[in-house]
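Geometric and topological summary
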Amino acid sequence: MFAKLKTLLRTTQARTLETLWSAIGSLLDRFAPDECERYIRHCGYCQSG
């Protein structure tokens, strides 16, 4: 997940703290709920059953 976020952040070329936070807020919308669930399950934070 962090690799994807870092790649997306590089494309924004945010150079100030304000634009960086704005970019992060916008970019998080690109992560679908099911994608986030898969990341969490892969890290072992969810137990099935």
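Residues numbered from 1 in each chain as written. Predicted model: local features only at pLDDT ≥ 70, side-chain atom pairs only at ≥ 80, totals over all residues. Heavy atoms only, no water.

**Considering the overall build of the protein**
Scanning the protein from terminus to terminus reveals three helices and zero strands. Reading the protein from its N end, one meets helices and strands in the order α-α-α. For the protein, the spread of C-alpha atoms along the principal axes amounts to about 45 × 15 × 15 Å. By the burial criterion, 16% of the 49 residues in the protein qualify as buried. For the protein, the exposed area adds up to about 4,300 Å²; of that, 57% sits on carbon and sulfur atoms. Averaging the positions of the 7 positive and the 5 negative side-chain charges in the protein gives two centres separated by 9 Å. (Helix = DSSP H or I, 4+ residues; strand = E, 2+ residues; numbered from the N terminus. Buried < 20%, exposed > 50% of the residue type's maximum accessible area, 1.4 Å probe, protein only. Areas by Shrake-Rupley, 256 points an atom, 1.4 Å probe, with all protein chains shown as cover. Lys, Arg positive; Asp, Glu negative; His and termini not counted. Charge placed at Lys NZ, Arg CZ, Asp CG, Glu CD.)

**As for helix H2 (residues 17-27)**
Buried residues of H2: Ala23, Ile24 and Leu27, and no others. Burial along H2 is one-sided: seen end-on, the buried residues are contained in an arc of 100 degrees. Facing away from the buried side of H2 by more than 90 degrees, the exposed set consists of Glu18 and Trp21. Looking at the buried residues of H2, the elements they touch are helix H1 (2-12). (Arc of directions from axis to C-beta. Contact = heavy atoms within 4.5 Å.)

**Topic: the packing of aromatic side chains**
The full count for this structure, using the stated rule, is zero aromatic pairs. Lys4 extends its terminal NZ or CZ atom over the ring of Phe31, reaching a point 4.6 Å from the ring centre. (Phe/Tyr/Trp six-rings, centres within 6.5 Å; stacked < 30°, edge-to-face > 60°. Lys NZ or Arg CZ within 6 Å of the ring centre and 35° of its normal.)

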